[in-house]
Amino acid sequence: MRRSLNRYSFRRSVVILLCILVVFYIMATVYGYYSWQACSQEREKLDERLSLYEKKVYVAAKKLSKGTILSEDLLDWQIRYSDYAQDKFISEDDFGKSLSLDIEEGTCLMDFMVCSTESNTRMFYLEEVDVPKHVQEGDRVDIRIRYGNAEEYIVLSDKIVVNLQEEHGMVLCLTEEEFLLISSAIIDTELFRPAKLYVVEYPEYESVENSPATYIANQDVLLLLGREKTEGESRAALEQRLLQN
């Protein structure tokens with residue numbers, strides 16, 4: 001009789017233990033399923049966020065020196081992640097342009113690192129322009145002039161800051177015509193004080209069309225550019241207004 005009771009108690013304990021194990025197994029399976037589902041949802045959200053930063057870029061296949069003409073054999077095509085807009089990186093349209101600075105192997109090529117290979121395009125250093133602290137290399141900017149009578153004009157439109165030397169100046173890739181215009185504007189800041197040259201940055205993550213240049217150079221530069229007949233009167237009127245203040 002006692003043996004029968006012991007066997008019955010043992011069997012009951014085993015059944016209870018098995019039931020507990022089954023319950024724990026079911027709970028663990030359910031918990032694991034919902035955890036997996038939550039992880040999958042988080043992974044999908046993360047993938048969506050990463051896709052926003054995914055950029056198709058060209059990187060230097062080897063060290064490239066300033067002045068190198070870009071071609072497909074010098075570059076590798078890769079996918080990298082960046083918060084810069086896609087149009088900040090070079091594309092096939094930039095093949096044939098030259099590097100404006102030395103580039104290390106593996107560097108992502110961005111638009112401010114290249115300039116047109118036109119015969120009259122050069123790198124110019126400017127220190128007479130007021131550059132806000134938030135402006136960085138690679139930024140897209142206009143250079144404007146503000147006269148003492150509150151008149152404002154765009155001297156250079158849609159330029160890329162190639163190099164920036166804090167509190168000293170910046171380097172831009174300019175044509176000879178653009179250099180003549182900025183030279184005239186620099187002279188204006190001396191002749192018509194308190195005229196001021198300053199930089200205005202385009203919004204970084206927005207596609208904004210460039211503003212047309214509106215500045216009228218001095219008579220000597222207009223003569224060099226062949227514009228003395230079309231813009232000479234407007235320049236004379238501007239100087240008259242400025243001298244009255």
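Residues numbered from 1 in each chain as written. Predicted model: local features only at pLDDT ≥ 70, side-chain atom pairs only at ≥ 80, totals over all residues. Heavy atoms only, no water.

Q: What am I meant to see in a nonpolar patch on the surface here?
A: A contiguous nonpolar surface patch, about 480 Å² in accessible area, is contributed by Ile16, Ile20, Val23, Phe24 and Met27. By secondary structure assignment, the location of valine 23 is in helix 1 (residues 2-53). (Patch = residues over 30% accessible without salt bridge, like charges linked within 9 Å, V, L, I, M, F, W, Y side chains within 5 Å. Areas by Shrake-Rupley, 256 points an atom, 1.4 Å probe, with all protein chains shown as cover. Salt bridge = Lys/Arg side-chain N within 4 Å of Asp/Glu carboxyl O. Helix = DSSP H or I, 4+ residues; strand = E, 2+ residues; numbered from the N terminus.)

Q: In this structure, what is going on with the sheet that holds strand 5 (residues 121-126)? I would like to understand it.
A: One open sheet holds the 5 strands; their spatial order is 5-8-7-6-9, and the pairing between them is antiparallel. The strands lining the two open edges of the sheet, one partner per strand, are strand 5 and strand 9 (196-201). For this sheet, the mean inter-axis angle between neighbouring strands, taken without regard to orientation, is 40 degrees. The pairing of strand 6 (residues 140-146) with strand 7 (residues 152-165) spans 6 bridges and is antiparallel. Looking at the pairing, arginine 146 lines up with glutamate 152 of strand 7. Here helix 2 (residues 176-191) sits on the sheet and contacts strand 5, strand 6, strand 7, strand 8 (169-175) and strand 9; the angle it forms with strand 8, its principal contact strand, is near 135 degrees. (Pairing = 2+ DSSP bridges. Axes fitted to C-alpha atoms, helices over the stretch in contact; angles between N-to-C directions. Contact = heavy atoms within 4.5 Å.)

Q: Sorry if this is basic, but what is going on with the packing of aromatic side chains here?
A: Aromatic ring pairs are defined here through the distance separating the ring centres and the angle between the ring planes. On inspection of all chains with the given rule, the structure shows 4 aromatic pairs. With 5.4 Å between their ring centres and 70 degrees between their planes, tyrosine 58 and phenylalanine 95 make a pair best called edge-to-face. With tyrosine 58 in strand 1 (residues 54-60) and phenylalanine 95 in the loop between strand 2 (75-81) and strand 3 (98-99), this pair connects stretches of sequence that are 37 residues apart. Overall, the relative accessible area of 25% leaves phenylalanine 95 in the partly exposed class. (Phe/Tyr/Trp six-rings, centres within 6.5 Å; stacked < 30°, edge-to-face > 60°. Buried < 20%, exposed > 50% of the residue type's maximum accessible area, 1.4 Å probe, protein only.)

The analysis is restricted to geometry; functional conclusions fall outside its scope.
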